[in-house]
Structures are given as C-alpha cells and as structure tokens.
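As a plain string of letters, each chain reads:
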Amino acid sequence: MRDTHGMRTRLFAAIGCVAAITLSTGAVAAPHQASIASRTPRTFIAPTQSGQTVRMHVGDKLKITLGASFRRPTSTNRAVIHRINHSGGYPTNETARATFKAMSAGKAVISSETDAPCLHATPRCEIAQQAWFVHVIVK
C-alpha cells in the first residue's frame, strides 16, 4: 500500500519552497509593471482629414504631412505635445512636414491653415483659406 498522503504533503512542501525562493529573489515581476517598462515608443501618421482624434502615450511621435500652401503646424499645449522638427509649407512651395513628440499626459490640438502671398498684398485677395486640425490625447 502506498503512502499517498505523505507524498502529497512532500509535493506541496516542495512547491511552497520553490514559490518562496522565486518570490524572495524577485524573479516574478508584476505583469503591469513589466508591460509599462518594456513599451517601445511608436510613431503615428496624422490623419489628413481635419477634426480627427489621435491617442498616444508619452514618448510617442506624430508625423504630419500637409500641402505646400499650409503653414507649419502648431500645438495648443507644448507641454503635452511639442513640435520637434518641421520643413516646407508656406512660403516655400514644398510639402509641409512636421514631427511632434508626446511629452506628458494631457490634451492638445495641433493645427495649421493655408496661406498665400496674395493674402499679404495690398489690396488683399479674397481666396478661401483651409484649416486643418487634429485632437491629441496623451496618456
């Protein structure tokens, strides 16, 4: 006849020892902490359609490409999302490009509008201007 009660007791004792050793060495990390620490910042492409919302995390980047007649995009809250580079746009006749980086949690709006030389002349032209904006939520 086997002593199954004694074998079971020894098995549970062994499992308990392994668990105690593992926990005391810190080999088990909390799943939430591990996922936060290992998150790689991502780069997003901004929507070309105005009025959209982009959700990002701190450290992520947002690339914006607009037509050559647009001014360089600006942020309503540079503490949340800050422009780190730009090129082209009015008055260069080159595609307007900008990259923004999410700096801290919060909300901001990135916007731009078209411009033209005749808007700065006398008499001023009356061409329609186009506005573009995107809502940004950083977590």
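Being a predicted model, the structure only gives us computed values, none of them experimental.

Trainee: When you look at the side chain of D60 in this model, what are you seeing that I'm missing?
Mentor: By the element assignment, D60 lies in the loop between β2 (52-56) and β3 (61-66). In terms of polar contacts, D60 uses its side chain to reach the side chain of R39, at 3.0 Å. Leave out the neighbours within four places in its chain, and D60 touches R39, P41, R42, F44, F100, K101 and A102.

Trainee: When you look at the sheet that holds β2 in this model, what are you seeing that I'm missing?
Mentor: Paired through backbone hydrogen bonds, the strands of a sheet run either parallel or antiparallel to each other. Strands sit in the order β2-β8-β7-β4 across an open sheet of 4 strands; the sheet is mixed. Bordering the open sheet on either side are β2 and β4 (74-75), each of which pairs with just one other strand. Here 5 bridges tie β2 to strand β8 (residues 131-138), and the two strands are oriented parallel to one another. Bridge pairing in β8 places V54 opposite V136.

Trainee: When you look at the sheet that holds β3 in this model, what are you seeing that I'm missing?
Mentor: Taken in spatial order, the 4 strands of this open sheet run β1-β3-β6-β5, and their pairing is mixed. Among the strands making up the open sheet, the edge pair consists of β1 (43-45) and β5 (81-87). Across this sheet, the average inter-strand angle for adjacent strands is 25 degrees, counted without regard to direction. Where β1 lies against β3, 3 bridges are found, and the strand directions are parallel. If you follow I45 over to β3, its bridge partner there is K63.

The rules behind these values
- Residues numbered from 1 in each chain as written.
- Predicted model: local features only at pLDDT ≥ 70, side-chain atom pairs only at ≥ 80, totals over all residues.
- Heavy atoms only, no water.
- Helix = DSSP H or I, 4+ residues; strand = E, 2+ residues; numbered from the N terminus.
- Polar contact = N/O pair within 3.5 Å; in protein donor to acceptor, adjacent residues only side chain to side chain.
- Contact = heavy atoms within 4.5 Å.
- Pairing = 2+ DSSP bridges.
- Axes fitted to C-alpha atoms, helices over the stretch in contact; angles between N-to-C directions.

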